[in-house]
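For reference, the chains in residue letters:
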Amino acid sequence: MTPENRKIVHMDLDSFFVSVERLYDSKLNGKPILIGGSGDRGVVASCSYEARKFGVHSAMPMRTARQLCPEAMIIRGDFEKYSQKSHDVTEIIREDVPFFEKSSIDEFYIDYTGMDRFFGCFKMAKELRERILKETGLPISLGLSENKTVSKVATGEAKPNNAKEIPFGFEKPFLAPLSVRKIPMIGEKTSHTLYNMGVRKVQTLQNMPSELLEATFGKNGRIIWEKANGIDRSLVTPYSEAKSISSENTFEQDTIDVNMLEANMIAMTEQLASKLRQKQQLTACVSVKIRYSDFDTHTIQQRVPYTSTDHTLITVVKGLFKKLYNRRMLIRLIGVRFSSLVHGNYQINLFEDSEEQIRLYQALDRLNIKYGDKTVCRAIGMQVGRRRFNPFNGVGI
């Protein structure tokens, strides 16, 4: 199938967290809203369009947002509520389309390739958008083009609550007048480097030799150049969701050394939490498993607010172990399991964590992704070797 036959739709729920809150409280309509930690050290997880007019944006320190928009209403987020609404939208899309990818809690890609012979793809996409709006009350925007990058940018240009189609062959002229920040994967650091090079518009990127961008940004330079030129060969990945992720350790010699057991549990929890953040997932249920030397096995679990942070999960795991371990018999195996997973494009729980904690986790994840698991970890877990496990079926290996 030739590339020009591709029909890729990107859908994005507008100010998703804010929109959900407004479903429950109509008094919030039309007002500047900040969702996130309420303390001065908190971070903005989401904000309304009314707040954005003041220069507020996601991931901004809450104290800065409050200075920019003093009249904004601050709401502490409820990820369980947002996850349910995301599930409702996902089920509507699942019923309506043959092939889709859920890339985050509020974003979807749909492959309508080949459907033009039956219906107009843009007409189908707009009808789906209208159905989502009618059945959920949540505003949603979409973009349609021949690839994921251009469709995502088109969605951004369509917002709020609208749709935009970029016909095949018009990708470059559509992107050309836009700011380089509109290109996916060009963040604050990359954009500053480009600004220093005199590059502010996508058209300038399009006209630059790709070799120059590669010399500046390495292999990402070529990807940036291709995206700026409307080239993206990536496929829509069929949506599937792991229900759990777990890790177990069977000891070579049965033990009653509580310090060693705790070190193993902390090490497993750290690595599992890191895997969640890499996969942009959060957990709402923590389980601890113990198998004694006589093969008697016990499991205990606890519901928690959605999170993927080590410090939150380690506290829960240690507490569950203390509740579960009430025998003075040697232990053969221990395990940690996270379940009730949801997708989210927030690496940490922005409703709970401070700027310092967020930066710490982002730095730890970058180091451990680049150099391997346990490159940086808590001191107590250093004595424990790296654990390997399958994050897709939740089975420790």
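Our structure's up above, just so we're on the same page.
Summarised in this report is the structure supplied together with it. Just so we're clear, the structure is a prediction, and the values are computed from it rather than from any experiment.

Calculation criteria
Residues numbered from 1 in each chain as written. Predicted model: local features only at pLDDT ≥ 70, side-chain atom pairs only at ≥ 80, totals over all residues. Heavy atoms only, no water. Buried < 20%, exposed > 50% of the residue type's maximum accessible area, 1.4 Å probe, protein only. Helix = DSSP H or I, 4+ residues; strand = E, 2+ residues; numbered from the N terminus. Pairing = 2+ DSSP bridges. Axes fitted to C-alpha atoms, helices over the stretch in contact; angles between N-to-C directions. Contact = heavy atoms within 4.5 Å. Phe/Tyr/Trp six-rings, centres within 6.5 Å; stacked < 30°, edge-to-face > 60°. Lys NZ or Arg CZ within 6 Å of the ring centre and 35° of its normal. Salt bridge = Lys/Arg side-chain N within 4 Å of Asp/Glu carboxyl O.

1. A few points about the pairing of strand E6 (residues 107-111)
Walk down a regular strand and you will see the side chains alternate between the two sheet faces. Extensive coverage of E6 is indicated by the burial of 5 of its 5 residues. On E6, burial covers both faces: Glu107, Tyr109 and Asp111 on one face and Phe108 and Ile110 on the other are all buried. Relative to E6, strand E1 (residues 8-13) is paired through 5 bridges, and the arrangement is antiparallel. Paired with Val9 across the strands is Ile110, a residue of E6. Bridging between strand E5 (residues 100-104) and E6 involves 4 bridges; their strand directions are antiparallel. The residue of E6 that forms the bridge with Phe100 is Ile110. Hairpin connection, E5 to E6: the antiparallel pair is bridged by 2 residues.

2. Some details on the sheet that holds E6
Strand order in the open sheet formed by 5 strands is E5-E6-E1-E7-E8, with mixed pairing between adjacent strands. Both edges of this open sheet fall to E5 and strand E8 (163-165), since each of them pairs with a single strand only. With strand direction ignored, the average angle separating the axes of adjacent strands in the sheet is 15°. In terms of strand pairing, E1 meets strand E7 (residues 140-145) through 6 bridges, oriented antiparallel. Of the residues in E7, the one forming a bridge with Ile8 is Ser145. Sitting on the sheet, helix H6 (residues 148-158) is in contact with E1, E5, E6, E7 and E8, with an inclination near 140° to E7.

3. Things to note about the packing of aromatic side chains
In this structure the tally under the stated criterion is 5 aromatic pairs. Ring centres 4.3 Å apart and planes at 10° place the aromatic pair Phe17 and Tyr82 in the stacked group. Pair noted here: Phe17 is in helix H1 (residues 16-24) and Tyr82 is in helix H4 (residues 79-96), with a separation of 65 residues, a long-range link. Given a relative accessible area of 2%, Phe17 falls into the buried group. Within the aromatic cluster, the residues linked to one another by ring pairs are Phe16, Phe17 and Tyr82. Sitting above the plane of the Tyr24 ring, Lys81 keeps its charged end 4.5 Å from the centroid. Across the ring face of Tyr109, the terminal group of Lys148 is positioned such that the distance to the ring centre comes to 4.7 Å.

4. Regarding the pattern of salt bridges
If you walk through the whole model with that rule in mind, you get 17 salt bridges. Between Glu95 and Arg131 there is a salt bridge, and its shortest N-O distance comes to 2.7 Å. Pair noted here: Glu95 is in helix H4 and Arg131 is in helix H5 (residues 121-136), with a separation of 36 residues, a long-range link. Take Glu95: its relative accessible area is 61%, and that puts it in the exposed class.

5. Some remarks on unusual backbone geometry
Cis geometry is found at the peptide bond from Lys159 to Pro160, where omega equals 0°. When you line up the elements, Pro160 lands in the loop between H6 and E8. Its identity is not glycine, yet Ser15 carries a phi of approximately 40°, on the positive side. Classification of Ser15 as buried rests on a relative accessible area of 8%.

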